[in-house]
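Here is how the chains run, residue by residue.
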Amino acid sequence: MRATEENFIALIRKRKEEGILYVIDTWGAYLQSIVRRRLFLLPDRVEECTNDVFWGIWKNIDSYDSSKGSFQNWAAGIARFEAIDYLRRAQKEWQTVTLDGMELSSDDQDMLALIEKELSEETKNLLSCLTPTDQELFLRIYGNEEDPLQVSSELGITRDNLYVRLFRGKKKMRAYSVRREENGL
């Protein structure tokens, strides 16, 4: 069966290769540009990351809901978050090299600083749609990997309230991220 605008999602859900090939042909350059924009410091990883984006679409197609937005925006979100994951992995690799007692060259140190700056800016942009208290929650729990129970007791909120705020915050960030991508940011 030949993939078209009307049936490519159904084909992917049925695990038919024609569906993902249609996505690659139709939105491949667009998704790669999103990845390239985020990974401009790591040009050797753009192709690998783009392939992982298509794998993510293939693997998570059941979570796509056309009533919540267009396929293009949903796929762009996958591309954006996959690229951010690549930046995080690269940052950890560079830090591991540094921790192993090896001396980094100035070029490598500059690269690590640029990666950290890019992640910091991306994180700041993503968290900007939240209240200051919720921003602190996200930074402490996901950024600093602090224990949620300890954070909730230090901030004087219940554990259930903390998880509700995290859930709602994630929802706000997803919506904000989609709006930014629609506006080409």
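The structure displayed is predicted, hence computed values, not measured ones.

Procedures and definitions
Every chain begins its residue count from 1, and numbering advances along the sequence as written. Where local features are concerned, this predicted model is filtered to residues with pLDDT of at least 70; where side-chain atom pairs are given and counted, the filter is 80 or more; whole-chain, interface and lining totals use all residues. Only hydrogens and water are set aside; all other atoms, that is, all heavy atoms of the structure, feed into the side-chain values. The secondary structure listing takes helices from DSSP runs of H or I that are at least 4 residues long and strands from runs of E that are at least 2 residues long, numbered from the N terminus. Only protein chains enter the accessibility calculation, which uses a 1.4 Å probe; a residue whose area is less than 20% of its type maximum is buried, one above 50% is exposed, and one in between is partly exposed. It only takes one pair of heavy atoms within 4.5 Å for two residues to be counted as in contact. Computed with the Shrake-Rupley method and a 1.4 Å probe, the accessible areas treat only the protein chains shown as cover for residues. A residue's pLDDT is the predictor's confidence in that residue, given on a scale from 0 to 100. To qualify as a nonpolar core, a set must consist of buried Ala, Val, Leu, Ile, Met, Phe, Trp, Tyr and Cys residues joined through side-chain atoms within 4.5 Å. Only one rule defines a salt bridge in this text: a Lys or Arg side-chain nitrogen within 4 Å of an Asp or Glu carboxyl oxygen.

## A look at the overall build of the chain
- The number of helices and strands found in the chain is eight helices and zero strands.
- Walking the chain from its N terminus toward its C terminus, one meets helices and strands in the order α-α-α-α-α-α-α-α.
- The 185 residues of the chain split such that 39% are buried.
- Look at the contacts in the chain between residues 6 or more apart in sequence, and 58% of them connect residues 24 or more apart.
- Summed over its atoms, the accessible surface of the chain is roughly 11300 Å², and 51% of this surface lies on carbon and sulfur atoms.

## Some thoughts on the confidence of the model for the chain
- For the chain, mean pLDDT is 82; residues scoring 70 or higher make up 85% of the total.
- Element-level pLDDT for the chain is lowest in helix H5 (residues 106-127), with a mean of 67, against a maximum mean of 94 in helix H3 (residues 46-60).

## Quick look at the environment of Thr123
- Considering the arrangement of structural elements, one finds Thr123 in helix H5.
- The class for Thr123 is partly exposed, based on a relative accessible area of 30%.
- In sequence terms Thr123 and Leu139 are 16 residues apart; their C-alpha atoms lie 9.1 Å from each other.

## Considerations on the nonpolar core
- Of all hydrophobic cores here, the largest spans 33 residues; its most connected members are Phe8, Val23, Leu31, Leu39, Ile57 and Phe71.
- Elements that contribute at least two residues to this core include exactly helix H1 (8-13), helix H2 (17-38), H3 and helix H4 (71-99).
- In terms of residues, this core owes the most to one element, H4, which gives ten residues.
- Each residue touching Val23, except ones within four places of it in the same chain, is listed here: Phe8, Ile12, Gly28, Phe54, Ile57 and Phe71.
- Counting residues in hydrophobic clusters, the runner-up holds eleven residues, among them Leu137, Val151, Ile157 and Leu166.

## Things to note about helix H6 (residues 132-143)
- Looking only at H6, the buried set comprises Asp134, Leu137, Phe138, Arg140 and Ile141.
- Positioned one or two residues after H6, Glu145 has a phi angle of 55°, which is positive.

## Points about the pattern of salt bridges
- Using the criterion set out here, one finds eight salt bridges in the structure.
- A salt bridge links Asp62 to Arg13; the shortest N-O distance between them is 3.7 Å. Here the residue Asp62 occupies a position in the loop between H3 and H4, and Arg13 occupies one in helix H1, the gap between them amounting to 49 residues.
- Judged by its relative accessible area of 58%, Asp62 is exposed.
- What makes Arg13 partly exposed here is its relative accessible area of 37%.
- Residues Glu146 and Arg140 are paired through a salt bridge, measuring 2.9 Å at the closest nitrogen-oxygen approach.
- Within the structure, one salt-bridge network assembled from shared partners comprises Glu136, Arg140, Glu146 and Glu154.

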